[in-house]
Structure formats: structure tokens, C-alpha cells
Amino acid sequence: MANAEVVLLDFWPSPFGMRVRIALAEKGIKYEYKEEDLQNKSALLLQMNPVHKKIPVLIHNGKPVAESLIAVQYIDEAWKDKAPLLPSDPYLRAQAKFWADFVDKKIYALGRKIWATKGEEQEAAKKEFIESLKLMEGKLGEKPYFGGESFGYVDVVLVPFYSWFYAYEVFGNFSIEAECPKLIQWAKRCSEKESVLKSLPDHKKVHGFVLELKKRLGIE
Amino acid sequence: MEDKVILLDFWSSSYAMRVRIALEEKGIQYEAREQNLVDKSPLLVDMNPIHKMIPVLIHNGKPTCESLVIVEYIDQVWNDRSPLLPSDPYQRSQARFWADYIDKKIYTNGKKLWREKGEKQEEVKREFIAGLRALEGELGEKVYFGGERIGFVDVALVPISSWFYSFEKCGNFSIEKECPKIVAWVKRCMQKKSVSKSLPDPQKIYGYVLQLKQKLGID
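Residues numbered from 1 in each chain as written. Chains lettered and ligands numbered in written order. Predicted model: local features only at pLDDT ≥ 70, side-chain atom pairs only at ≥ 80, totals over all residues. Heavy atoms only, no water.

### Focus on the overall build of chain B
No. 1: When its secondary structure is counted, chain B shows 11 helices and 4 strands.
No. 2: Its C-alpha atoms give chain B a radius of gyration of 17 Å, within 12% of the compact-globule value 17 Å for 219 residues.
No. 3: Its C-alpha atoms give chain B principal-axis dimensions of roughly 55 × 45 × 30 Å.
No. 4: Counting only contacts in chain B whose residues sit at least 6 apart along the sequence, the fraction spanning at least 24 positions is 69%.
No. 5: With the model as given, the accessible surface of chain B reaches about 10300 Å², and the carbon-plus-sulfur share is 50%. (Helix = DSSP H or I, 4+ residues; strand = E, 2+ residues; numbered from the N terminus. Rg over C-alpha atoms; globule rule 2.2 N^0.38 Å. Contact = heavy atoms within 4.5 Å. Areas by Shrake-Rupley, 256 points an atom, 1.4 Å probe, with all protein chains shown as cover.)

### Topic: the sheet that holds strand 2 (residues 32-35) of chain A
Residues and elements named next belong to chain A.
No. 1: Strand order in the open sheet formed by 4 strands is 2-1-3-4, and the pairing between neighbours is mixed. Bordering the open sheet on either side are strand 2 and strand 4 (63-66), each of which pairs with just one other strand. If you compare each strand with its neighbour and ignore which way they point, the axes differ by 20° on average.
No. 2: Strands strand 1 (6-10), strand 2 and strand 3 (57-60) of the sheet are contacted by helix 1 (residues 15-26), whose axis makes an angle of about 155° with strand 1. (Pairing = 2+ DSSP bridges. Axes fitted to C-alpha atoms, helices over the stretch in contact; angles between N-to-C directions.)

### Quick look at the interface of chain A and chain B
Where the parts come together, the accessible area they lose is often given as the size of the interface.
No. 1: Across the boundary between the two partners, chain A contributes 25 residues, which contact 25 residues of chain B.
No. 2: For the chain A face of the interface with chain B, the top three residues by lost area are A:Ile70, A:Tyr91 and A:Phe98, together amounting to 27%.
No. 3: On inspection of chain A and its partner chain B, the count reaches 5 salt bridges.
No. 4: Of the charged contacts in the structure, one is a salt bridge between B:Arg96 and A:Glu77, with a shortest N-O distance of 3.1 Å.
No. 5: On inspection of chain A and its partner chain B, the count reaches 11 residue pairs in polar contact (both at pLDDT 80 or more).
No. 6: When contributions to the side of chain A that touches chain B are tallied by element, the ones reaching two or more residues are strand 4, helix 3 (68-78) and helix 4 (90-116) of chain A. (Buried area = accessible area lost by both parts, 1.4 Å probe. Salt bridge = Lys/Arg side-chain N within 4 Å of Asp/Glu carboxyl O. Polar contact = N/O pair within 3.5 Å; in protein donor to acceptor, adjacent residues only side chain to side chain.)

### Remarks on the environment of B:Leu8
Residues and elements named next belong to chain B.
No. 1: Take Leu8: it is sitting in strand 1 (residues 5-9).
No. 2: As for Leu8 and Asn36, which are separated by 28 residues in sequence, their C-alpha atoms are 10.0 Å apart.
No. 3: If sequence neighbours within four positions are ignored, Leu8 has contacts with Arg33, Gln35, Leu43, Leu44, Met47, Ile54, Pro55, Val56 and Ile58.

### A short note on the sheet that holds strand 4 (residues 62-65) of chain B
Residues and elements named next belong to chain B.
No. 1: Here 4 strands make up an open sheet; going across it, the order is 2-1-3-4 and the pairing mixed. Edge positions in the sheet fall to strand 2 (31-34) and strand 4, since each of these pairs with one other strand and no more. Averaged over all pairs of adjacent strands, the angle between their axes in this sheet comes to 20°, without regard to strand direction.
No. 2: The sheet contact formed by strand 1 and strand 3 (residues 56-59) spans 4 bridges and is antiparallel. Residue pairing across strands places Leu7 opposite Leu57, the latter belonging to strand 3.

### Considering the pairing of strand 3 of chain B
Residue and element names in this part refer to chain B.
No. 1: Here strand 3 shows no split at all, with Val56 and Ile58 on one side and Leu57 and His59 on the other all buried.
No. 2: Two strands pair when backbone bridges link them, and strand 3 and strand 4 are joined in this way by 4 bridges, in the antiparallel orientation. Note that in strand 4 the partner of Val56 across the bridge is Cys65.
No. 3: Linking strand 3 to strand 4, which pair antiparallel, is a turn of 2 residues; within it Asn60 sits at a positive phi near 50°. (Buried < 20%, exposed > 50% of the residue type's maximum accessible area, 1.4 Å probe, protein only.)

### Notes on the packing of aromatic side chains
Residues and elements named next belong to chain A.
No. 1: Counting across every chain of the model gives 27 aromatic pairs over all chains.
No. 2: With a centroid separation of 5.6 Å and an interplanar angle of 70°, the aromatic rings of Phe11 and Phe209 are classed as edge-to-face. Placement of Phe11 in the loop between strand 1 and helix 1 and of Phe209 in helix 11 (residues 203-217) is noted, with a sequence separation of 198 residues between them. Residue Phe11 shares its accessibility class with Phe209, and that shared class is buried.
No. 3: With a centroid separation of 5.3 Å and 75° between ring planes, the pair formed by Phe129 and Tyr168 is classed as edge-to-face. (Phe/Tyr/Trp six-rings, centres within 6.5 Å; stacked < 30°, edge-to-face > 60°.)

### Regarding the pairing of strand 1 of chain A
Two faces belong to every sheet, and in a regular strand the side chains alternate between them.
Residues and elements named next belong to chain A.
No. 1: In terms of residue burial, strand 1 counts as a mostly covered element, since 5 of its 5 residues are buried.
No. 2: Burial of the side chains of strand 1 extends over both faces: Val6, Leu8 and Asp10 are buried on one face and Val7 and Leu9 on the other.
No. 3: As judged from the 4 bridges shared by strand 1 and strand 3, these two strands associate in the antiparallel manner. Across the sheet, residue Val7 finds its bridge partner in strand 3, namely Ile59.
No. 4: Sheet topology places strand 1 next to strand 2; 4 bridges connect them, and they run parallel. Within the sheet, the bridge partner assigned to Asp10 lies in strand 2 and is Glu35.

### So, the side chain of B:Gln121
Residues and elements named next belong to chain B.
No. 1: Assignment of secondary structure puts Gln121 in helix 5 (residues 118-139).
No. 2: In terms of polar contacts, Gln121 uses its side chain to reach the backbone carbonyl oxygen of Cys170, at 3.0 Å.
No. 3: Among residues more than four places away in sequence, those in contact with Gln121 are Leu113, Glu116, Cys170 and Gly171.

### A short note on the nonpolar core
No. 1: Of all hydrophobic cores here, the largest spans 149 residues; its most connected members are A:Phe129, A:Tyr168, A:Trp186, B:Leu135, B:Phe167, B:Ile182 and B:Trp185.
No. 2: Leaving out residues up to four positions away in the same chain, A:Trp186 has contacts with A:Leu140, A:Pro144, A:Tyr145, A:Phe146, A:Asp155, A:Leu158 and A:Val159. (Core = buried A, V, L, I, M, F, W, Y, C linked by side-chain atoms within 4.5 Å.)

### Side note on the confidence of the model for chain B
No. 1: Here chain B averages 97 in pLDDT, while 100% of its residues score no lower than 70.
No. 2: As scored by the predictor, the complex reaches a pTM of 0.96 and an ipTM of 0.95. (pLDDT = per-residue confidence, 0-100.)

### What to know about the packing of helix 1 of chain A against helix 3 of chain A
Residue and element names in this part refer to chain A.
No. 1: Where helix 1 contacts helix 3, the axes come no closer than 9 Å and their chain directions differ by 5°. Classified by the interaxial angle, the pair formed by helix 1 and helix 3 is roughly parallel. Packed against helix 1, whose contacting residues are Phe16, Arg19, Val20, Ala23 and Leu24, the element helix 3 presents Ser68, Leu69, Ala71, Val72 and Ile75 at the interface.
No. 2: Across the contact of helix 1 with helix 3, the residue classes tally to 8 nonpolar, 1 polar and 1 charged. (Parallel < 35°, antiparallel > 145°, perpendicular 65-115°, else oblique. Nonpolar A, V, L, I, M, F, W, Y, C, P; charged D, E, K, R; others polar.)

### Let's talk about the UniProt feature "domain: GST C-terminal" (unreviewed entry) in chain B
No. 1: The UniProt feature table records "domain: GST C-terminal" (unreviewed entry) at residues 88-216 of chain B.
No. 2: Summarising residues 88-216 of chain B: 74% helix, 0% strand, and an end-to-end C-alpha distance of 46 Å. (UniProt positions renumbered as here; feature names shortened; annotations may be inferred.)

Okay, structure coming up:
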């Protein structure tokens, strides 16, 4: 079966999973999507990622690649003839990897604090979150994408969080667009691409998911 | 035009040691500039405005930050000798996976190990040892993680071995007893000039840890 060659173990609201979905779509790769129940992990997931037991896991011809950034780089290298995500110049590649690392260090962790905490801790997280997005706006400059004229690695790495912005705004009681209009413009531009449209869930659905998650974790 | 390579460095940083080893493996001439991390230089702040941390590699005036990103950059630019990453995309992904694992499980726990006490320290020790044991499994019967030659994962891991003596003294345990294969692998790596030149004396690190503990008011 052709599409059993590529399997993605994923969880629909995961921004990390979305990165891999987008990369696969950009390259036009047919694959089998398997939704995991993270409260009841499948034997396949435990077998394919015994070290971390987390999604996303990309399985190519039976061989697993875990960690979203590593999977996206793998996709870019294994299917290198189409829609390159990373630049070929070593210095520009290093810059792209630096900013992907920045997104991982800042955006996810701070975003989580915005919906999971209150009071001073939440205010501090909101402040740092906006500062981080502003740094990224600075990096984007006047370019249409972080990749320049075409959609690239840093765009793939950051845009999934756009589906979580509505949830952050509701729980954090602030407007990301008011603070970072250029970044929202960039996100909307990305969302016009089919690969992104197909891969990001509806932001109200994400908000609903976070509400349930908070209840389950006993967070008000 | 000759390449000008500068490394903004700090002698005890395992992250900086990774870059030193990579540069030595490739036989690259470079200038190491020891940084003052308390009173940061204008050059450091200018070259790494986002994190203001070392290591920073400055190649012909252009800065690259984050140790693993720098090592991959070095591997790509000087790609005509001593390859650190394999050429096969799947094997590259596995090397990156284990380097990431080393950052998450070994380096992060290492940083906490000498600062913590009591039950918290025991927990960190357990995670640290479990991490090294997982790496022993990955090493298997190979000479190096990279196979017959040292590779990306070896470069990522070996620097923390200069801190092993300090972890053992502060944590009251023997890493050799818990993870003999890792210690044997460290000894093999230390026979390579690129590694032995780049790692400081573990006793010097321990002296530094004692100073830090005093400064931070930790027992």
C-alpha cells in the first residue's frame, strides 16, 4: 500500500504534530494519519518512541523519527527535490535553526503559562510572550515569510501556534493582534496556503480542548 | 581570503567544549576569546542579542549561536574533512535525536545535580543515571556513537564528562559503577587530541563548583 510507507502518529491539537503535517503537505507526500489517545497510548506509539512516548512520530518505511523539528528536517532531506524548507547556504540554515530553537524555548512554554496560570505568573508570561513575538516580527521584517519569498522552515515551526492564539487571548484576556499586527498578517498569509489550511485545526475547537484540559487538570 | 574564526568561549562550559572539539576535529584555526559572563562584553551582546550567552561562533564576522546549531554549521561549511553527521538522512535524524536527548536528560540534570540536596538531588541523580544508561544502550558495542569515528553524538555528550568528578563528589555516587560503558567510551574519546585539548581538568571544574556553591550559599 503506497501510503503505508509514511505514517504519522499525531494528536489533533498538537502544534508539534501540525509542523509535521504541514511539511508533509508542502512536499506533497501521501501518508496515513493515526490519531493517538494520549490518555491511552497505542502499542505502536510505545514501540516507535520508547524513549519519550510522545507524538508526533513520523514512521517512514517502518523506521521512526521522533521530535517535530527533527522530523521536519528529515522530511526536507529525504524529499529534497520538492519545495525546500531549509536554505542551502550553511549560514542561513544555521539562522533558521536558531529561530526554530527560539520558538521552542519561548513560545510553547510561555503559551502554556498563559492558559494554565493566573495573577502575576500569568502577567509575566504574557509580557514575555509578546516580547518574544515582537522579536520574531523584527526577524520577519518586510519579507512575506521567514523563509523570504517562499514559505520555509521557521514559518512551518511557528505557524501552528496561530491556531492556539485565540485560546491564549481568551484565557489571558489580551489581544495578540493589537500588540503584534505584522505577525498576525504573516499568520493570515500562511493560512492561505493549502498545506497550512489543511493542517491547522479550527481555533475555537482548540479553545474548547483547552477548557476541557483545564478541567481535567483541575486548573481554574 | 583566509577564514577568520572567533569563538566566544567560557572555559567550564560543556556547550562551548562541543564547539572546540568540532573545530579541532576539522583542523580549523580559530581564536578563543574567554568571556566574562557576569560583566558581558559589548561584542557578546552584539553577536548574541537574543540570549546573550556563549558559545558564539563568529565566522568572517557573522555570528552563529546555540552549540548544536554551531556544530552542524561547522560540519556543513568544512564538509571536505572529518564528517560529524552521517550522510544518510535517516541516520542524521537519529544522531540529532540523541543529541537532543543529551540536552534534555543529561545536560539539564547535570546542571541541577550539584545544586540540589536531599530527595530532590536523589531524583535528579536517578534521571541522570537513567539517561546515561539509555545512551549506553544506543552506543551498544560501537567504539563511538558515530561508529568507527567520532561523530555528532560523541561531540554532544563527551564535554559533560569533565563534570563527572564534580557530580560524583556532590551527589555521593560513582558514575563508573552505574554506567561503566559510558566511562569506557569517555576514556576512548579522551585519547583523541581534539577531545583532550578541548576539555578542562575535572579537578579544576570541581574547584570551580565549590566556589560557585559558596557564592550561592549552597552547602
